Amino acid sequence: MRIELPGGPYTLSDPVTWPAVDGPATSRVVYAAAHVVADPMGDNTPGSPAAVDWDATLRFRRHLWSYGLRVADAMDTAQRNMGLDWAATRELIRRSAAEARSFGDPADLVACGAGTDHAPGADTLDAITAAYTEQIETVQAAGAGVIVMASRQLARLATGPADYHRVYGKLFAVADRPVVLHWLGEMFDPQLAGYWGSREVARATESFLELVHAHAPMVDGVKVSLLDEAHEVALRAALPEGVRLYTGDDFNYPSLIRTGSHALLGIFDAIAPAAAAALQVLDSAEAACTPEARNRLLAHYDEILAPTVPLSRKIFETPTYNYKTGIVFLAWLNGHQDAFAMVNGAQAARSLPHLCEVFTLADRAGLLADQELAVRRMRALLAVNGL
């Protein structure tokens, strides 16, 4: 099958049939951070309240669960702080947790972000703590796990590590079970620069580890999105026993997961079939009886994920925070939603040449589920743009 792209004709690769999945991975705990599907008939112009297609949004979460992946919801992939307002976020948390009950325990299957974005005017540490508390209690009331998101308000107000420790220390008392702490780098959100009390990563890491060690029984894990493989490996080794490192590195995830990181990744929204297949192979590798069998299986794991890395690096290229556009674009190409539309009009955040390259890289990774549909929709997009 061929398609005319702006750079010339492109011949699609042979389609890939991914294996069925029996259940979640046993060697790693893995979350796919999920996007929301905008209502194409709603007013999702920049600055408007989010209009969500709830049926398609929940259908996509069932798609992720069917591949044995847990869902990280109401996170930056769902456009928190970039168009998903608190009213829509609260409804998303409620609906996602309720939908998870048809698959199992929502506390195991879905974890939701709790932050302070509904209180942009919070100007004291107590006000920030109260805002966090409201969202944590909303997530817990729904029955989902809690991911404590980084706070723009706290980043703006804090004068040093002690302020972070004061706020987070109070939040652990609010939580009814261990939580995931989220360290989102400034490449994902420039307003989070200097989080944990310093713009120097080494000093911020010291502050972060001090907090985690002080409250280890209430920390399920830490989700780190700094796109620095060496830093993540060192941080993973320094965590208290029983505290997981959930990689948020959408550039280096294959090697980080293979060497011991768990995962909470936006790219797994787009590559769920490949991710699930690779994780099954990793499970087999870690249960292998001989070094030879283990090495053979690990090579197969690498072989599955290697073609997804150029795709992920393209989707997450600078400015990294616009990666959601590529994620939604692929969901549209693959028939998970009827329109290439996003809340806050964010479908316009990437250029047509960028999207064309995402299309070809997804094809090479075997991640166009229905090539005829994908080509038809790609041609429609090109036609709308005068090509």
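Above this text sits the structure in question.
Residues numbered from 1 in each chain as written. Predicted model: local features only at pLDDT ≥ 70, side-chain atom pairs only at ≥ 80, totals over all residues. Heavy atoms only, no water.

## Looking at the overall build of the chain
The condition that has to hold: Each helix corresponds to a stretch of at least 4 residues labelled H or I by DSSP, and each strand to a stretch of at least 2 residues labelled E; elements are numbered beginning at the N terminus. C-alpha atoms define the radius of gyration in this analysis, and the globule rule sets the expected value at 2.2 Å times the number of residues to the power 0.38. In this scheme, a residue with accessible area under 20% of its type's maximum is buried, one over 50% is exposed, and one in between is partly exposed, where area comes from a 1.4 Å probe on protein chains only. Note on definitions: a residue-residue contact is assigned when non-hydrogen atoms from the two residues lie within 4.5 Å. Computed with the Shrake-Rupley method and a 1.4 Å probe, the accessible areas treat only the protein chains shown as cover for residues. All tallies of charge rest on Lys and Arg as positive and Asp and Glu as negative; His and the ends of each chain are not included. A charged residue contributes its charge at one atom only: NZ of Lys, CZ of Arg, CG of Asp or CD of Glu.
Across its full length, the chain holds 16 helices and ten strands. For the chain, whose C-alpha radius of gyration is 20 Å, the value lies close to the compact-globule estimate of 21 Å for 387 residues. The principal-axis extent of the C-alpha atoms belonging to the chain is close to 60 × 60 × 40 Å. Residues counted as buried form 59% of the 387 residues belonging to the chain. In the chain, of all internal contacts separated by at least 6 residues, the share reaching a separation of at least 24 is 71%. Roughly 15,200 Å² of accessible area belongs to the chain as shown, and the carbon and sulfur atoms make up 51% of that amount. When the 32 positive and 45 negative side-chain charges of the chain are each reduced to one mean point, those points stand 1 Å apart.

## Describing helix 7 (residues 201–214)
Structurally, the α-helix is built with 3.6 residues per turn, so residues lying three or four positions apart point the same way. Stated formally: To estimate the expected span of a helix, subtract one from its residue number and multiply by 1.5 Å.
Helix length check: helix 7, at 14 residues, gives a terminal C-alpha distance of 20 Å against a target of 20 Å (1.5 Å per residue), a fit within 8%. Turning to helix 7, its buried residues number three or more, namely Ala204, Thr205, Ser207, Phe208, Leu209, Leu211 and Val212. Where helix 7 is buried, its residues contact helix 6 (161–174), strand 7 (179–184), strand 8 (219–225) and helix 8 (229–238).

## Regarding the sheet that holds strand 9 (residues 244–247)
Cut-off, in case you're wondering: Should DSSP find at least two bridges between two strands, the strands are taken to pair. A fitted line through C-alpha atoms represents every axis, and for helices the fit uses only the stretch in contact; the resulting angles, taken between N-to-C directions, go from 0 to 180 degrees.
Strand order in the closed barrel formed by eight strands is 3-4-5-6-7-8-9-10, and the pairing between neighbours is parallel. For this sheet, the mean inter-axis angle between neighbouring strands, taken without regard to orientation, is 25°. Summarising the sheet, strand 7 and strand 8 pair through six bridges and their orientation is parallel. Looking at the pairing, Val180 lines up with Gly221 of strand 8. Each of strand 7, strand 8 and strand 9 is contacted by helix 8, which is oriented at about 160° to strand 9, the strand it contacts most.

## A look at the side chain of Asp250
So the rule is basically this: What makes a salt bridge here is a side-chain nitrogen of Lys or Arg within 4 Å of a carboxyl oxygen of Asp or Glu, nothing more. Any N or O atom pair separated by 3.5 Å or less is treated as a polar contact, with the protein-specific requirement of one donor-capable and one acceptor-capable atom, and with residues adjacent in sequence counted only for side-chain atom pairs.
Tracing the backbone shows Asp250 in the loop between strand 9 and helix 9 (253–258). Buried charge Asp250 goes without a salt bridge, the closest partner of opposite sign being Lys223 at 5.8 Å. In terms of polar contacts, Asp250 uses its side chain to reach the backbone amide nitrogen of Ile267, at 3.2 Å. Contact partners of Asp250, with chain neighbours within four places excluded, come to Phe188, Leu227, Leu265, Gly266, Ile267, Ser312 and Phe316.

## Section: the packing of helix 13 (residues 308–315) against helix 15 (residues 352–364)
The cut-off we apply is this: Each angle gets one of four labels, with under 35 degrees taken as roughly parallel, over 145 as roughly antiparallel, 65 to 115 as roughly perpendicular, and the rest as oblique. For any pair of crossing helices, the crossing counts as left-handed if the nearer helix is rotated counterclockwise from the farther one by less than a right angle, and right-handed if it is rotated clockwise. Throughout, the ten residues Ala, Val, Leu, Ile, Met, Phe, Trp, Tyr, Cys and Pro are labelled nonpolar, Asp, Glu, Lys and Arg are labelled charged, and all others, Gly among them, are labelled polar.
At a closest axis distance of 9 Å, the pairing of helix 13 and helix 15 adopts a crossing angle of 165°. Taken together, the axes of helix 13 and helix 15 are roughly antiparallel relative to one another. As helix 13 packs across helix 15, the resulting crossing turns out to be left-handed. In this structure, helix 13 uses Pro310, Leu311, Lys314 and Ile315 to contact helix 15, whose residues at the interface are His354, Glu357, Val358, Leu361 and Ala362. Residue classes in the contact of helix 13 with helix 15 are distributed as six nonpolar, one polar and two charged.

## Describing the packing of aromatic side chains
When we look at a pair of aromatic rings, we describe it by the centre distance and by the angle of the planes. This is how it is decided: Whether two aromatic rings pair depends on their centres lying within 6.5 Å, for rings of Phe, Tyr and Trp, where Trp uses its six-membered ring; planes under 30 degrees apart make the pair stacked, over 60 edge-to-face, and the rest tilted.
Scanning the model with the defined rule gives 18 aromatic pairs in all. Note on Phe188 and Tyr323: the rings are 6.0 Å apart at their centroids and 80° apart in plane angle, and the pair reads as edge-to-face. Here the residue Phe188 occupies a position in the loop between strand 7 and helix 7, and Tyr323 occupies one in helix 14 (residues 323–333), the gap between them amounting to 135 residues. Comparing Phe188 with Tyr323, the two get one shared label, buried.

## Concerning the pattern of salt bridges
Counted according to the given criterion, the structure contains 13 salt bridges. With a shortest N-O distance of 2.9 Å, Arg28 and Glu286 are connected by a salt bridge. Here Glu286 lies in helix 11 (residues 272–286) and Arg28 lies in the loop between strand 2 (8–11) and strand 3 (30–33), a separation of 258 residues in the sequence. Given a relative accessible area of 36%, Glu286 falls into the partly exposed group. Across the salt bridge formed by Asp302 and Arg258, the nearest N and O atoms sit 3.0 Å from each other. Pair noted here: Asp302 is in helix 12 (residues 291–305) and Arg258 is in helix 9, with a separation of 44 residues, a long-range link. The exposure class of Asp302 is partly exposed, given its relative accessible area of 30%. By relative accessible area, Arg258 is classed as partly exposed at 27%. What emerges from the salt-bridge pattern is a single network uniting Glu91, Arg94 and Arg95.

## What to know about the environment of Ile315
Mapped onto the fold, Ile315 is located in helix 13. Taking the C-alpha atoms as reference points, Ile315 and Gly242, separated by 73 residues in sequence, lie 32 Å from one another. Once residues lying within four places of it in the same chain are set aside, the contact partners of Ile315 are Ile267, Tyr323, Gly326, Ile327, Leu330, Arg350, His354 and Val358.

## Examining the nonpolar core
In plain terms, the rule: Definition of nonpolar core: a set of buried residues of the types Ala, Val, Leu, Ile, Met, Phe, Trp, Tyr and Cys, connected through side-chain atoms within 4.5 Å.
Membership of the largest hydrophobic core comes to 127 residues, with the highest contact counts inside it found for Tyr168, Leu181, Tyr195, Phe268 and Phe359. Counting residues per element, this core draws most heavily on helix 11, which supplies nine residues. In contact with Leu181, not counting residues within four places along its chain, are Val148, Tyr168, Phe172, Phe208, Leu211, Val212, Val219, Gly221, Val222 and Lys223. Judged by nonpolar contacts, the second largest core, of eleven residues, contains Tyr31, Ala111, Tyr246 and Leu264.

## Describing the pairing of strand 6 (residues 145–148)
The condition is simple: Here is how to tell: hold the view so the strands point away, follow the path from the first strand over the helix to the second, and if it runs clockwise the crossover is right-handed.
Side chains Gly145 and Ile147 project from strand 6 onto one buried face, and the interleaved Val146 and Val148 project onto a second face that is buried too. Examined bridge by bridge, strand 5 (residues 110–114) and strand 6 share four bridges and lie parallel to one another. When the bridges of strand 6 are listed, Ala114 appears paired with Val148. Following the backbone out of strand 5, through helix 4 (residues 125–142) and into the adjacent parallel strand 6, one traces a crossover that is right-handed.

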